[in-house]
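Below, each chain spelled out in residue letters.
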Amino acid sequence: MLLGQLYEYYKCPRYQLPTLIKNTLSVDQGQTVVLGSDQLIANSGGSTDYYDLVFVVSDIQHGRFETINNAGISLFNFTQTQVATHKIQFVHDDSFTAPIYFIAVYDNFNTTTPKIAFVNFNQRPQFIYNMFQITNSKELRLSFNELLAIDDKNNAEIFFNVKNVSHGVFATTAVSEP
């Protein structure tokens, strides 16, 4: 570093450590989300190199960051400019588990302490029971023992879409439980 750059760096008060302002992600199970400044943004503490800030990813689980033009190749650092211009995406690994990762900010001089991301994760419903047997010419009133799914959202109403039924029908009834 040149003496003039050192002088500019240390003559503060204008220089402060970079600050991670926002570190959020909303993702559905198996989804790819293109990032923007509404999910990830930092401040350089007064430096004019606001867009040259680098996000450093660590301890990532259940997903990866990648550039849109280089899908499939994991990134562990990328610039704020890349985020602001929508060139970075997050890819969830399609597991039933929410992603976890930490982000630090680097400004060519200092790196902040990594901070965990706030992730809003929506997983697909999971079947618990999905099998039943019907003997010839018999009816079966489905209960939770034959057809049951759960969702990660409290009190979520789950609708079943039945396709390609042969040799029978599904119907709703207004008959109360015995």
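Note that the structure is a prediction, hence the values are computed from the model and not measured. Sequence order as written defines residue numbering, which begins from 1 separately in each chain. Only residues with pLDDT of at least 70 get local features here, since the model is predicted, and only at 80 or more are side-chain atom pairs given and counted; chain-wide, interface and lining totals rely on the full set of residues. Side-chain measures were taken over the full set of non-hydrogen atoms in the model, leaving aside hydrogen atoms and water.

(A) Fine view of the packing of aromatic side chains. Here a Phe, Tyr or Trp ring, Trp counted by its six-membered ring, pairs with any other such ring whose centre lies within 6.5 Å, and the pair is stacked when the planes are under 30 degrees apart, edge-to-face when over 60, and tilted otherwise. A complete count under the given rule lists five aromatic pairs for this structure. When the ring of Phe-55 is compared with that of Phe-78, the centres are 6.0 Å apart and the planes differ by 50°; the resulting orientation is tilted. Remark: Phe-78 occurs in strand 6 (residues 77-79) and Phe-55 occurs in strand 4 (residues 54-61); sequence separation between them is 23 residues. You'll find Phe-55 and Phe-78 in the same group, each marked buried. Summarising the aromatic geometry, the rings of Phe-65 and Tyr-101 are spaced 4.9 Å apart at their centres and angled 90° between planes, so their arrangement reads as edge-to-face. In this pair, Phe-65 is assigned in strand 5 (residues 63-67) and Tyr-101 in strand 8 (residues 100-106), connecting sequence segments 36 residues apart. Like Tyr-101, Phe-65 is buried. Through a chain of ring-to-ring contacts, the aromatic side chains of Phe-55, Phe-65, Phe-78, Phe-90 and Tyr-101 assemble into a single cluster. Secondary structure follows DSSP: runs of H or I at least 4 residues long count as helices, runs of E at least 2 residues long count as strands, and numbering of each begins at the N terminus. Only protein chains enter the calculation, and the probe is 1.4 Å; a residue is then buried if its accessible area is under 20% of its type maximum, exposed if over 50%, and partly exposed in between.

(B) Geometry of the nonpolar core. Side-chain atoms within 4.5 Å are what join buried Ala, Val, Leu, Ile, Met, Phe, Trp, Tyr and Cys residues into a set we call a nonpolar core. Judged by nonpolar contacts, the single largest core of 21 residues is most densely connected at Leu-25, Leu-40, Phe-55, Phe-65, Phe-78 and Tyr-101. Mapped onto this core, the elements with two or more residues apiece are strand 1 (19-28), strand 3 (40-43), strand 4, strand 7 (88-92), strand 8 and strand 10 (118-122). When neighbours within four sequence positions are excluded, Phe-78 is seen to be in contact with Leu-40, Leu-53, Val-54, Phe-55, Val-57, Phe-65, Val-83 and Ile-88. Any two residues having at least one pair of non-hydrogen atoms within 4.5 Å are treated as being in contact.

(C) Expanded view of the sheet that holds strand 6. Judged by pairing direction, the sheet is antiparallel, and its four strands sit side by side in the order 6-4-8-9 without closing on themselves. Single-partner strands in this sheet number two, and they are strand 6 and strand 9 (115-116). Across six bridges, strand 4 lies against strand 8 in antiparallel orientation. Across the sheet, the residue bridging to Gln-61 is Ile-100, located in strand 8. Two strands qualify as a pair provided DSSP detects at least 2 bridges between them.

That is the geometry; function is a separate question.
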